[in-house]
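# Working through the structure, step by step
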Amino acid sequence: MRVRCTVNGERQEIDDVWEGESLLYALRERMGLPGSKNACEQGECGSCTVYLDGTPVCACLVAAGQAHDRDVVTVEGLADEGELHPVQQAFLDAGAVQCGFCTPGLLVATHDLLEREPQPSDPEIREALAGNLCRCTGYEKILDAVRQAATAKAGQE
Amino acid sequence: MEFLRPATWAEALAAKAEHPGALPIAGGTDVMVELNFDATRPDYLLDLTRIDDLDDWSPDGERLRIGAGVTYSRLITELADRLPGLAMASRTVGSPQIRNRGTVAGNLGSASPAGDAHPPLLTSDAVVEAHSLRGVRHIPITEFYTGVKRNALAPDELIAAVLTPPADGPQQFAKIGTRNAMVISVTAFALALHPNTGTVAAAFGSAAPTPRRATDAEAFLAAELTDTGRWDSRAELDPAAVTRFGALVAEAASPIDDVRGTADYRKHALSVMARRTLAWAWNDYRRNQVRTCA
Ligand SMILES: Cc1cc2nc3c(=O)[nH]c(=O)nc-3n(C[C@H](O)[C@H](O)[C@H](O)COP(=O)(O)OP(=O)(O)OC[C@H]3O[C@@H](n4cnc5c(N)ncnc54)[C@H](O)[C@@H]3O)c2cc1C
Ligand code: FES
Ligand code: FES
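Residues numbered from 1 in each chain as written. Chains lettered and ligands numbered in written order. Predicted model: local features only at pLDDT ≥ 70, side-chain atom pairs only at ≥ 80, totals over all residues. Heavy atoms only, no water.

## Details of the overall build of chain B
Stated formally: The secondary structure listing takes helices from DSSP runs of H or I that are at least 4 residues long and strands from runs of E that are at least 2 residues long, numbered from the N terminus. The classification of residues rests on relative accessible area computed with a 1.4 Å probe and restricted to protein chains. Under 20% of the type maximum is buried, over 50% is exposed, and intermediate values are partly exposed. Throughout, a residue-residue contact means that at least one pair of heavy atoms, one from each residue, lies within 4.5 Å. For this count, His and the chain ends are skipped, Lys and Arg are scored as positive, and Asp and Glu as negative. Taken as the charge location is NZ of Lys, CZ of Arg, CG of Asp or CD of Glu.
For chain B, the count of helices and strands is eleven helices and 14 strands. With respect to the principal axes defined by its C-alpha atoms, chain B has extents near 60 × 45 × 30 Å. Out of the 294 residues in chain B, the part that is buried amounts to 57%. Contacts in chain B between residues at least 24 apart in sequence constitute 63% of all its contacts with a sequence separation of at least 6. Considering chain B, the positive charge centre built from 30 side chains and the negative charge centre built from 35 side chains are found 6 Å apart.

## A few points about the interface of chain A and chain B
Inclusion rule: Joining two parts hides part of their accessible area as seen by a 1.4 Å probe, and the buried area is that hidden amount summed over both. Salt bridge, as used here, is a side-chain nitrogen of Lys or Arg placed within 4 Å of a carboxyl oxygen of Asp or Glu. Nitrogen and oxygen atoms within 3.5 Å of one another constitute a polar contact, given that in protein one can donate a hydrogen and the other can accept it, and given that sequence-neighbouring residues count only through two side-chain atoms.
On the side of chain B, 29 residues touch chain A, which itself brings 36 residues to the contact. Between chain A and chain B, a total of about 2,400 Å² is buried, with carbon and sulfur atoms accounting for 54% of that surface. Among the residues chain A hides against chain B, the three largest losses belong to Glu19, Leu61 and Gln66 of chain A. Together they make up 25% of the total. The interface formed by chain A and chain B includes one salt bridge. Its salt-bridge partner being Arg99 of chain B, residue Glu127 of chain A comes within 2.6 Å of it at the nearest N-O pair. On the surface where chain A and chain B come into contact, there are 15 residue pairs in polar contact (both at pLDDT 80 or more). Breaking the side of chain A that touches chain B down by element, the ones donating at least two residues are β3 (49-52), β4 (55-58) and α4 (122-128) of chain A. Broken down by element, the side of chain A that touches chain B gets its largest block of residues, four residues, from β4 of chain A.

## Here we look at the site of ligand 1
Basically, it comes down to this: For this description, a residue counts as near a given molecule or strand if any of its non-hydrogen atoms is within 4 Å of it. We get accessible surface area from the Shrake-Rupley algorithm with a probe of 1.4 Å; when it comes to residues, only the shown protein chains can shield them. Classes in brief: Ala, Val, Leu, Ile, Met, Phe, Trp, Tyr, Cys and Pro nonpolar; Asp, Glu, Lys and Arg charged; the others, Gly included, polar.
Every one of the 36 residues lining ligand 1 counts as a neighbour, but Pro24, Thr29, Asp30, Tyr72 and Asp116 of chain B are closest to it. Residues close to ligand 1 are split across chains A and B. A distance of 3.0 Å separates an oxygen atom of ligand 1 from a polar atom in the side chain of Lys175 of chain B. In isolation ligand 1 has 980 Å² of accessible area, and contact with the protein removes 92% of it. Sorting the residues of the shell around ligand 1 by element identifies β2 (23-25), α2 (31-36), α5 (96-101), α6 (104-110) and β10 (158-164) of chain B as the ones contributing at least two each. For the shell around ligand 1, the leading source of residues is α6 of chain B, giving four residues. Looking at the shell around ligand 1 residue by residue, the classes come out as 17 nonpolar, 14 polar and five charged.

## So, the sheet that holds strand β4 (residues 57-60) of chain B
All names here are of chain B. Our working rule: When DSSP finds at least two bridges between two strands, those strands are taken to pair. Here an angle of 0 to 180 degrees is reported between the N-to-C directions of two axes, which are lines fitted to C-alpha atoms, with helices fitted over the stretch in contact.
The strand order β4-β5-β10-β6-β7 describes an open sheet built from five strands, whose pairing is antiparallel. Looking at the sheet topology across the chains shown, the edges are occupied by β4 and β7 (135-140). When the angles between neighbouring strand axes are averaged without regard to direction, this sheet yields 25 degrees. Across the face of the sheet, helix α1 (residues 9-18) comes into contact with β6 (127-132) and β10 while running at roughly 120 degrees to β10.

## Concerning the domain arrangement of chain B
Stated precisely, the cut-off is as follows: Domain delimitation follows an automatic or database domain assignment.
Per the domain assignment, the segments making up chain B are domain 1 (1-52) and domain 2 (171-286). Distance from the C-alpha centre of domain 1 of chain B to the C-alpha centre of domain 2 of chain B: 36 Å.

## Some remarks on the environment of Asp60 of chain B
Residue and element names in this part refer to chain B. For Asp60, the position within the fold is in strand β4. Sequence separation of Asp60 and Thr164 is 104 residues, and the distance between their C-alpha atoms is 9.2 Å. If we skip the residues at most four places from it in the chain, Asp60 touches Arg65 and Leu163.

## Points about helix α4 (residues 84-91) of chain B
Because an α-helix packs 3.6 residues into every turn, residues spaced three or four apart end up facing the same way. Residue and element names in this part refer to chain B. Burial within α4 is extensive, with seven of its eight residues counted as buried. All of the buried residues in α4 are Pro84, Gly85, Leu86, Ala87, Met88, Ala89 and Ser90. Against the buried residues of α4 lie β5 (63-67), α3 (72-79), α5, α7 (118-123) and β11 (171-176).

## Notes on the nonpolar core
Which entries qualify depends on this criterion: Put simply, buried Ala, Val, Leu, Ile, Met, Phe, Trp, Tyr and Cys residues joined by side-chain atoms within 4.5 Å make one nonpolar core.
Within the largest apolar cluster, 70 residues are counted, with the highest numbers of intra-cluster contacts made by Leu27 of chain A together with Leu108, Leu121 and Ile141 of chain B. Beyond its immediate sequence surroundings of up to four residues, Ile141 of chain B is in contact with Leu108, Leu121, Leu122, Asp125, Ala126, Val127 and Val128 of chain B. Formed by 28 residues, the second largest nonpolar core is a distinct cluster that contains Val200, Leu221, Val242 and Leu270 of chain B.

## Some points on the sheet that holds β11 of chain B
Residues and elements named next belong to chain B. Sheet architecture is open: four strands sit in the order β11-β12-β13-β14, paired in antiparallel fashion. Bordering the open sheet on either side are β11 and β14 (212-213), each of which pairs with just one other strand. Sheet analysis places β11 next to strand β12 (residues 187-194), joined by six bridges and oriented antiparallel. Paired with Ala174 across the bridge in β12 is Phe189. Where helix α8 (residues 215-227) meets the sheet, it contacts β13 (199-205) and β14, and its direction lies at approximately 155 degrees from that of β13. Where helix α11 (residues 263-286) meets the sheet, its contacts fall on β11, β12 and β13, and the angle it forms with β12 comes to roughly 30 degrees.

In structure tokens form, the structure reads like this:
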């Protein structure tokens, strides 16, 4: 089947999509956007988190056909014209990236959190990131990164 | 496989009538896991996410009518004051990403004994509104679960909405799992006090082939509260009655041993949750307020 959608502001039209295929597969294998990672394919790890019509979801649990005519933003769409988004910069600065597999999902989840709650408390950060697993960092640096990103964004505005 | 994308409810019902084997997909949080792991290969997938009518909730007489497309996230932000028990259960489902997609109708469609929406739906005497080309059927929630992962829907029926009265007294929900997020419950328990009618509703999940009401426990507690005049006096509960209530809840269960827990543990956990939620709900009642969850 054919699926049309907007991804990171660009029109995408892909053909021969298998009906049972996930949006994650379509993004990675058909649209050349491997930023969203595939680690579990069952909604447990959050490394495939993308925005679907502005809401963070696991791309592995969205059927590609359900994204038809919808608006998708992936980690590739967070940076502006070659400049990292403050959330991305904060993850680098805080040392919150080790193997990096969880990072794309955490960036999208953090981006969403700070849009909703610019100055989140620690419990709010933990709650917002509860669906994103990281097996490298032990999470402390990730929490640091979110706090730094919140401060950096506040300074920008 | 074919992917059906009805734009209207009428089209969806026609598609389901024509292809009774079609698998509806809403939030996809159960369906996609099955597809990704090759556990199911339906001939037709019936996408319900394009039907805007399903995304609404509204008062419907004495009840609230919650459209099949309303996600857990929206239940939590929009209905926690009116449906505190269901909202508490919703907050424990998966993770933010799962709650942003998953629906109560999907929980009912899967009819897993571990589904977290079931106990609060049971304690509020919810009704499942099923539609087909043949008409509308209102299925009382106690008749909806027919076996492990089986429900009372006919092959040509779709869930349009869930009807549930708003809370008329304190409601509580508790769930046992290995951590706070992303856990299938080892066992779960919901309680609703109905001071207006002098009745009590108690239900549990993951401790029998289907989610179930604990009717003996309900009757015992309602009689105890009425006979001792406590609905009016709002006096502290008798500890012996609380213990008895917990024991009767555990007796209503017929759990199994599995990877998440043993039958004995589940019964024990149920009696503890029953006692605790009763204490919380009664405290709310004594303070004359309904506990809401933000
Ligand atoms: C990581 C993860 C964590 C989870 N954690 C929990 C948890 O803590 N508690 C819990 O209860 N569940 C949990 N689940 C399971 C799942 O999220 C829930 O069962 C959810 O309610 C399913 O809703 P959905 O809209 O995504 O359903 P879908 O996956 O779209 O559908 C589920 C079933 O319902 C049927 N269906 C859907 N809509 C309709 C309709 N309108 N009419 C008829 N049939 C319909 C489908 O055909 C399918 O059989 C989890 C799942 C994942 C992946
Ligand atoms: S790959 Fe989607 S949640 Fe893990
Ligand atoms: S950095 Fe390796 S999984 Fe998070």
